[in-house]
Structures are given as structure tokens and as C-alpha cells.
Amino acid sequence: MKAILTSLIAAAFAASAWAHDYKVGAIEIDHPWARAVPSSAKTSAAYMTFANKGAADKLVSASSDVAKEIQIHTMVTEAGVMKMREIKSLDIAANSKTELKPGGYHIMLIGLPDGLKDGTKFPLKLKFEKAGEVTVTVVAEKGSHAGHKH
Ligand SMILES: [Cu+2]
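Rules behind the numbers
- Residues numbered from 1 in each chain as written.
- Predicted model: local features only at pLDDT ≥ 70, side-chain atom pairs only at ≥ 80, totals over all residues.
- Helix = DSSP H or I, 4+ residues; strand = E, 2+ residues; numbered from the N terminus.
- Buried ≥ 20, exposed ≤ 12 C-beta atoms within 10 Å, placed from the backbone.
- Contact = placed C-beta atoms within 7 Å.
- Core = buried A, V, L, I, M, F, W, Y, C linked by C-beta atoms within 7 Å.
- Pairing = 2+ DSSP bridges.

## Focus on the overall build of the protein chain
Move 1: A tally of regular secondary structure across the protein chain gives one helix and 11 strands.
Move 2: Ordering the α and β elements of the protein chain from the N terminus gives α-β-β-β-β-β-β-β-β-β-β-β.
Move 3: Here the protein chain, with 150 residues, has 22% of them falling under the buried criterion.
Move 4: Counting only contacts in the protein chain whose residues sit at least 6 apart along the sequence, the fraction spanning at least 24 positions is 68%.

## Quick word on the nonpolar core
Generally speaking, soluble globular proteins have nonpolar side chains that are buried together.
Move 1: Within the largest apolar cluster, 27 residues are counted, with the highest numbers of intra-cluster contacts made by Ile27, Ala34, Ala45, Ala46, Leu59, Ile107 and Leu109.
Move 2: Where this core is concerned, the elements lending two or more residues are β2 (27-35), β3 (43-52), β5 (69-78), β7 (90-92), β9 (106-110), β10 (121-128) and β11 (132-141).
Move 3: The leading source of residues in this core is β3, at five residues.
Move 4: Leaving out residues up to four positions away in the same chain, Ala45 has contacts with Ala34, Arg35, His106, Ile107, Met108 and Leu109.

## Some details on unusual backbone geometry
Move 1: The phi dihedral of His31 is positive, around 45°, even though this residue is not glycine.
Move 2: Tracing the backbone through its elements, the reader meets His31 in strand β2.
Move 3: In this structure, Asn95 is a non-glycine residue whose phi angle is positive, near 45°.
Move 4: Position of Asn95 among the secondary structure elements: in the loop between β7 and β8 (96-100).

## Some remarks on the pairing of strand β6 (residues 81-86)
Move 1: In terms of burial, β6 is a largely surface element, zero of the six residues being buried.
Move 2: In this structure, β5 lies alongside β6, joined through six bridges in antiparallel fashion. Across the sheet, residue Glu78 finds its bridge partner in β6, namely Val81.
Move 3: From the end of β5 to the start of β6, which pair antiparallel, there are two residues, and Ala79 there has a positive phi angle of about 50°.

Okay, structure coming up:
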């Protein structure tokens, strides 16, 4: 029994050491990443997937010290032009996957002091209406990430 317990704890540690995924309430947060940008850039965006295994919820805020301001954005098409727009909250349907990705929903990082270097990690606090709060580690990535268009 003790051996089983020890190996379970060891497995839990091994998993958390390179955790890319987070969970709060019924919501799993998969692969939080942000677009790496040069030091002259003042803005970037963070992306991730919310896998909801429970009732409908909402992402109501995101906060981080990485930039002066953090906003939840969507993309809208106005007169054939794609534009970003801030939204108060992001609806997450029951038992669904909500993807934040380039060209769609994203978490906007505004007022970066020194861009966002490839490989930089920063904490991002997410607040869901029902599931509550969770802090995820976002990794800045560039290059050929799935979903990027070049
Ligand atoms: Cu934006």
C-alpha cells in the first residue's frame, strides 16, 4: 500500500514538473502560450484551449504583471476587415472545447515593457465565473506552431 502511494506521489510530481495543462473546477486549460515578439513590440497575445467537462461558464478576467493591461479579445469582421475587439467575458459552453487561437479569441497583452522573448514564461491569472481562479504559466513561442500561418 505504501509503495503504491509513493509511486502515485512520484507520478504526480513527474506530471507537474512539465505541466502544460491546468485544471480549475470542471475546466481544463491546455497549452497556454503567447506569441514571442521583438523587444520593440508593445503588444502580444496569449492563447490556450478551455476544455469544459461541466456546466456552462465564463472567463471573466485575465491578469498578469507581464504587461500594463490584459484584455479578453475577439475578432470581428467589419466591412471585410478583421478587427480585434475587447469583450467583457468569454462564454464557455457546457461540455465543450473553446479554443483561443490566432485569428480568434485571444488574451491581449498591452504595454509590454520589453517585448516577449522566445521561451519567456510568465504567470497569467484566469478568473472564471463559476470555476473560480487559476494561475497558469504561459510560454512565449515563435516559429511554426500549430495554428500559425506563415
Ligand atoms: Cu487583441
